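Each chain is listed here by its residues.
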2 protein chains.
Amino acid sequence: MGSARNLLFIMCDQLRWDYLSCFGHPTIRTPNIDALARRGVRFTNAYVQSASCGPSRMSYYTGRYVTSHRSFGNFVALPVDELTLGDYLRPHGIRVAVDGKTHVEPDPTALRQRGIDPASAAGQLLLEGGFEPFDRHDGVLADPHDEEARTNQYSNFLRQHGYVSENPWLDYANSALGAGGEVLSGWHLRYADLPARVEERHSETAYTTDRAIAFIAEQRDKPWCLHLSYIKPHWPYVAPSPYHQLYSARDVVPAVKSADELVAPHPLYASYLRHQASVTFSQNATRERVIPTYMGMITQIDDHLGRLFDSLEKSGRFDDTLVVFCSDHGDYLGDHHLGEKELWHDAAIKIPLIVYDPAAQAQASRGSTCDALVEAIDLVPTFLDALQVEGPVNRLEGRSLLPWIRGYNVPEWRDFIVSEFDYSFRTATRRELGRSVRECRTITLRDHKWKFIHCEGFRPLLFDLEADPQEFHDLAQEKALAPVIEHYSHELVSWLRARKTRTTVSDEFVDTWLEQSRFKGMKIGEW
Amino acid sequence: MGSARNLLFIMCDQLRWDYLSCFGHPTIRTPNIDALARRGVRFTNAYVQSASCGPSRMSYYTGRYVTSHRSFGNFVALPVDELTLGDYLRPHGIRVAVDGKTHVEPDPTALRQRGIDPASAAGQLLLEGGFEPFDRHDGVLADPHDEEARTNQYSNFLRQHGYVSENPWLDYANSALGAGGEVLSGWHLRYADLPARVEERHSETAYTTDRAIAFIAEQRDKPWCLHLSYIKPHWPYVAPSPYHQLYSARDVVPAVKSADELVAPHPLYASYLRHQASVTFSQNATRERVIPTYMGMITQIDDHLGRLFDSLEKSGRFDDTLVVFCSDHGDYLGDHHLGEKELWHDAAIKIPLIVYDPAAQAQASRGSTCDALVEAIDLVPTFLDALQVEGPVNRLEGRSLLPWIRGYNVPEWRDFIVSEFDYSFRTATRRELGRSVRECRTITLRDHKWKFIHCEGFRPLLFDLEADPQEFHDLAQEKALAPVIEHYSHELVSWLRARKTRTTVSDEFVDTWLEQSRFKGMKIGEW
């Protein structure tokens, strides 16, 4: 055991916090992830900054809240002034690469405006959110003629293995075959129980793991950070054989929902209830068809992580590699009568987080849990701390988790986590509610007792998590709780004002500028 | 008369709104600026977004509030993702240049991080805030060995004319000679009545005007935008002969101050009262020595603008040039027992604004006044509107003033202006008040009736401008006015949340993304 020199930053997409055996799921089997939890610390109150791929990941990669990094939605590029993990580690000689998905949106306009050649090294990294695209493939190549599908490495790999089409991701990896040999698109939930049209070893999860093992082997003794970022168990809900039938309807836990929730629902929640995914997932038939496959995809990831962990073990990399396992957000799967994610319930914003730290100081905490209020933005500071790289205090909004893991004193911690969502991209809901594209923000504050949801232009929501951990009863209109609403309204305002927006000079510069020679000659107001 | 093809964007530095004859000053003579007001519209309620050079100018140049552009103080570079007037106009073939001061802080680190060559055209423009540095000189070269003083064009000009020193700006243009031939630094207010050590024709104001006339002549029929940006009447308060003695103590209007202000003052105001400049300007001797020179510098600018306006007249440029005259903030000059600027009184945040529009539609408004609540951020939208260039709705926070000038219907206008200040750079005050460098913000909301000042970590301030236009009585602690405080607190929060931070995609993209082919294949939740 020694200090971390490398980082293995594993992310799943749309993996709910409670669909792992070590997080309490009664029927799923995830022995390898469970084993990682026994080596590390399992964070039982970990939250993402947005229950949507893009904004959540930009928070993970920048260490900043959505309000600060300003990538408010999928397809909203990170502004060119934001720095990411790669910007912090690369100057220290660490190779920072991605294998799988980042959801980083390129912004060629910004590059053109700033005279940055997209083909230059800096330009390439900007287009990739600071990750060297060792093997980037984001999935969701929805268009049959998708341009990216023509060129990305996984598509080429599929074609090389006989899955020949313009978009083999769509036509093979995420489709099934009907009884008559017809191609059935995985976009349709009713086909979730059919196997994907690829062999398991050619599936996204297998391929992505192979590439991670290859990357790590390639580095030998040079320090690296690999973002191993699985696209699954994100929809389309299609698993390769045998994972499509590993679980059955008997393994599906009941939906967390109550008829009470449908009585006088908050207008935004009411609109989400009408979404296609909500209507579909409110049918038991959907859950019983989709969730076994969702679980199968998770166990598939676990199996492959077993292979990866074996290789780390053999090469000694567990001695010098910090390993994180997390997810970018959850999935309602019918809970609260909803499908998909985006809103404020734990099913959407809570994630499974496991951190394995090879350092000797972490010995005492191995296999333990930590119930501190932890956020996705804490990972960049944790990574920098583990590698003893200093990060900019005036940018990073998260905090290193190492004190929790190494048993240092944690002098004070945050009072609540914050998760945001901008539903302006939900065209139907936005129009139905009569909101302009700049008036669609929700901001959730959650502590151990309360969850308060600010909902721009509407009344807030409030849940008492002690009395109602399942979040069935929105208490925001209870007169007696007006002081609670008032309290969180004030906290929200303080939080908004405290965002780290002065990014171009350090706090230290501000503190000491007057003593700097350049300004010393200024004598203002001397007689 | 025709449409504007060119923009002449004239700014003075630290010119109070009420130190022009056309804005009601009883003794100052500014006939040429008054004449511009007779040709255009005089805005009687115009405010800057911060009473400090850098942040105010970044708002002028970006069309965005300080909270949005994030250049919270002098020496805080604009983040590299912000766009400025030059970015908007240059693609339309308009040459955008500066003659004089911008206070743009270069950020070589950001350029290095993004792989932008500082010597490239894009790099140069970024380092200059989007203005081609036709002749940039910012003044305040405070260090005798100032590096910029060695190379800037005005310093070279001075040396060529016999004012030879490492820093002729400091040693000649802003110093005087004592009776015994000793050099007296203009930084000391007691020498304000002595003439500068340069001939008037070699002074900053004369030089800058000469350069503007040359620039405009050079352009012939090519469209241009010139930011003619005088450094005066900003301190050091030194004027060349004869402007140092154009006015005398008899011409000085009394300080706007009341003993009431000193009773139980707000902690932040109390701290500002102790600043060197406040103590000095609270002496009548200071005001009587400095203000005549301050007024002399203004009349000097006016005289030179007379030359410039004559040349515009002769060349026909008044027919196709929009001309704006404004200031970046005011100067307390002893009002409210204060010196300098930065706080919330009109002496600091209110500016003189005159807009001359050559268009025929502006004929009816010539010589009139407009008392709408107008902000510095309105200029970029006004410029774009005048040149019929479309600006990005998701970035620009100001609004075109042309409807006021051309008599179009103005369907709704803002309810209040906002001016911000971050006093973290005021080291003594910050430490005295026990604030960290990220807890020093004030945000002023002002309408026609009330001025409300949010002061992070302290109680707010409130002035009733109808009953107390001189802002002597802070009413924030009056119980009966609690609802007013409550109202503006809510307005402040709404304002904070409404900032235009989603800059990388347009509102239109958000509105229509689902219909775009790239996303059309996504079928979420279909059975």
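Residues numbered from 1 in each chain as written. Chains lettered and ligands numbered in written order. Predicted model: local features only at pLDDT ≥ 70, side-chain atom pairs only at ≥ 80, totals over all residues. Heavy atoms only, no water.

### Quick look at the interface of chain A and chain B
- Taken together, the 72 residues of chain A in the interface contact 72 residues of chain B.
- Interface of chain A and chain B: buried area, both sides summed, is about 7,200 Å²; carbon and sulfur atoms make up 58% of it.
- Of all residues in chain A, Arg 114, Arg 497 and Trp 527 of chain A give up the largest surface area on contact with chain B, accounting jointly for 14% of the area buried on that side.
- Residue Asp 87 of chain A pairs with Arg 114 of chain B through a salt bridge whose shortest N-O separation is 3.3 Å.
- Taken together, chain A and chain B are joined by 34 residue pairs in polar contact (both at pLDDT 80 or more).
- Going through the elements one at a time, helix H6 (121-127), helix H12 (276-281), helix H13 (284-315), helix H17 (427-432), helix H18 (482-497), helix H19 (507-512) and helix H20 (517-520) of chain A are the ones with two or more residues in the side of chain A that touches chain B.
- Grouping the amino acids of the side of chain A that touches chain B by side-chain chemistry returns 33 nonpolar, 15 polar and 24 charged. (Contact = heavy atoms within 4.5 Å. Buried area = accessible area lost by both parts, 1.4 Å probe. Salt bridge = Lys/Arg side-chain N within 4 Å of Asp/Glu carboxyl O. Polar contact = N/O pair within 3.5 Å; in protein donor to acceptor, adjacent residues only side chain to side chain. Helix = DSSP H or I, 4+ residues; strand = E, 2+ residues; numbered from the N terminus. Nonpolar A, V, L, I, M, F, W, Y, C, P; charged D, E, K, R; others polar.)

### Quick notes on the UniProt feature "domain: Sulfatase N-terminal" (unreviewed entry) in chain A
- Using the residue numbers shown here, the UniProt feature "domain: Sulfatase N-terminal" (unreviewed entry) corresponds to residues 5-388 of chain A.
- The straight-line gap between the two end C-alpha atoms of residues 5-388 of chain A is 9 Å; of that span, 35% is helix and 15% is strand. (UniProt positions renumbered as here; feature names shortened; annotations may be inferred.)

### Section: the pattern of salt bridges
- Scanning the entire structure with this criterion turns up 86 salt bridges over all chains.
- A salt bridge links Glu 218 of chain A to Arg 95 of chain A, with the shortest nitrogen-to-oxygen separation between them at 3.7 Å. A residue pair is termed long-range when its members are at least 10 positions apart, and Glu 218 of chain A in helix H10 (residues 204-219) and Arg 95 of chain A in strand S3 (residues 95-100) qualify at 123 residues.
- Across the pair Glu 313 of chain B and Arg 39 of chain B runs a salt bridge whose closest N-O atoms are separated by 2.1 Å. One end of the pair, Glu 313 of chain B, is in helix H13 (residues 284-315); the other, Arg 39 of chain B, is in helix H1 (residues 31-39), and 274 residues separate them in sequence.
- When its relative accessible area of 24% is taken as the criterion, Arg 39 of chain B is described as partly exposed. (Buried < 20%, exposed > 50% of the residue type's maximum accessible area, 1.4 Å probe, protein only.)

### Focus: the packing of helix H8 (residues 153-160) of chain B against helix H10 (residues 204-219) of chain B
Residues and elements named next belong to chain B.
- H10 packs onto H8 with a crossing angle of 110° between their chain directions and a minimal axis gap of 11 Å. Comparing the axis directions of H8 and H10 gives the class roughly perpendicular. Between H8 and H10 lies a crossing of right-handed hand. Every residue of H10 that contacts H8 at Gln 153, Tyr 154 and Phe 157 is listed here: Glu 204, Tyr 207 and Arg 211.
- The residue inventory of the contact of H8 with H10, partitioned by class, reads 3 nonpolar, 1 polar and 2 charged. (Axes fitted to C-alpha atoms, helices over the stretch in contact; angles between N-to-C directions. Parallel < 35°, antiparallel > 145°, perpendicular 65-115°, else oblique. Left-handed = near helix turned anticlockwise from the far one by under 90°.)

### Looking at the relation of the copies chain A and chain B
- Note on the identical chains: chain A maps onto chain B by a rotation of 180° and an axial translation of 0.0 Å, with an RMSD of 0.0 Å. Overall, the copies show the geometry of a two-fold rotation axis.
- Of the interface residues in chain A, 100% have counterparts in chain B that sit at the interface too, so the contact is made through matching surfaces. (Least-squares fit on C-alpha atoms with pLDDT ≥ 70 in both.)

### Re the side chain of Arg 57 of chain A
Residue and element names in this part refer to chain A.
- Mapped onto the elements of the fold, Arg 57 is located in helix H2 (residues 53-62).
- With relative accessibility at 0%, the residue Arg 57 sits in the buried group.
- Within polar-contact distance, the side chain of Arg 57 engages the side chain of Asp 328 at 2.9 Å.
- Ignoring sequence-local partners within four residues, the contact set of Arg 57 consists of Met 11, Cys 12, Asp 13, Lys 101, Thr 102, His 103, His 227, Ser 229, Tyr 230 and Asp 328.

### Observations regarding the side chain of Ser 278 of chain A
All names here are of chain A.
- You can see Ser 278 is positioned in helix H12.
- Within the local environment of Ser 278, its side chain forms a polar contact with the backbone oxygen of Tyr 272, the two atoms lying 2.7 Å apart.
- Those residues in contact with Ser 278, other than ones at most four positions away along the chain, are Tyr 272, Leu 273, His 337, Leu 338 and Gly 339.

### Overview of the packing of aromatic side chains
Residue and element names in this part refer to chain B.
- Enumeration over the complete set of coordinates arrives at 45 aromatic pairs over all chains.
- On the basis of an interplanar angle of 50° and a centroid distance of 6.0 Å, the ring pair of Phe 9 and Tyr 60 is categorised as tilted. Of this pair, Phe 9 sits in strand S1 (residues 6-12) while Tyr 60 sits in helix H2 (residues 53-62); the two residues are 51 residues apart in sequence, bridging distant segments of the chain. Of the two residues, Phe 9 and Tyr 60, both sit in the buried class. (Phe/Tyr/Trp six-rings, centres within 6.5 Å; stacked < 30°, edge-to-face > 60°.)

### Here's the deal with the sheet that holds strand S13 (residues 441-446) of chain A
Residue and element names in this part refer to chain A.
- Read across the sheet, 4 strands follow the order S12-S13-S14-S15 without closing on themselves; strand pairing throughout is antiparallel. Of all strands in the sheet, those with a lone pairing partner are strand S12 (417-422) and strand S15 (461-464), marking the two edges. Direction aside, neighbouring strands of the sheet carry axes that sit 15° apart on average.
- The pairing of S13 with strand S14 (residues 450-455) spans 5 bridges and is antiparallel. Following the sheet pairing, Ile 443 is matched in S14 by His 454. (Pairing = 2+ DSSP bridges.)

### Quick look at the sheet that holds strand S15 (residues 461-464) of chain B
All names here are of chain B.
- If you trace the 4 strands from one edge of the open sheet to the other, you get S12-S13-S14-S15, paired in antiparallel fashion. One side of each edge strand has no neighbouring strand; the edge strands of this open sheet are strand S12 (417-422) and S15. Put simply, the sheet's adjacent strands are angled 15° from each other on average, direction ignored.
- The pairing of S12 with strand S13 (residues 441-446) spans 6 bridges and is classified as antiparallel.

### Comments concerning the confidence of the model for chain A
- Per-chain confidence: chain A averages 96 in pLDDT, with 100% of residues scoring 70 or above.
- Taken together, the chains of this predicted complex give a pTM of 0.96 and an interface ipTM of 0.93. (pLDDT = per-residue confidence, 0-100.)

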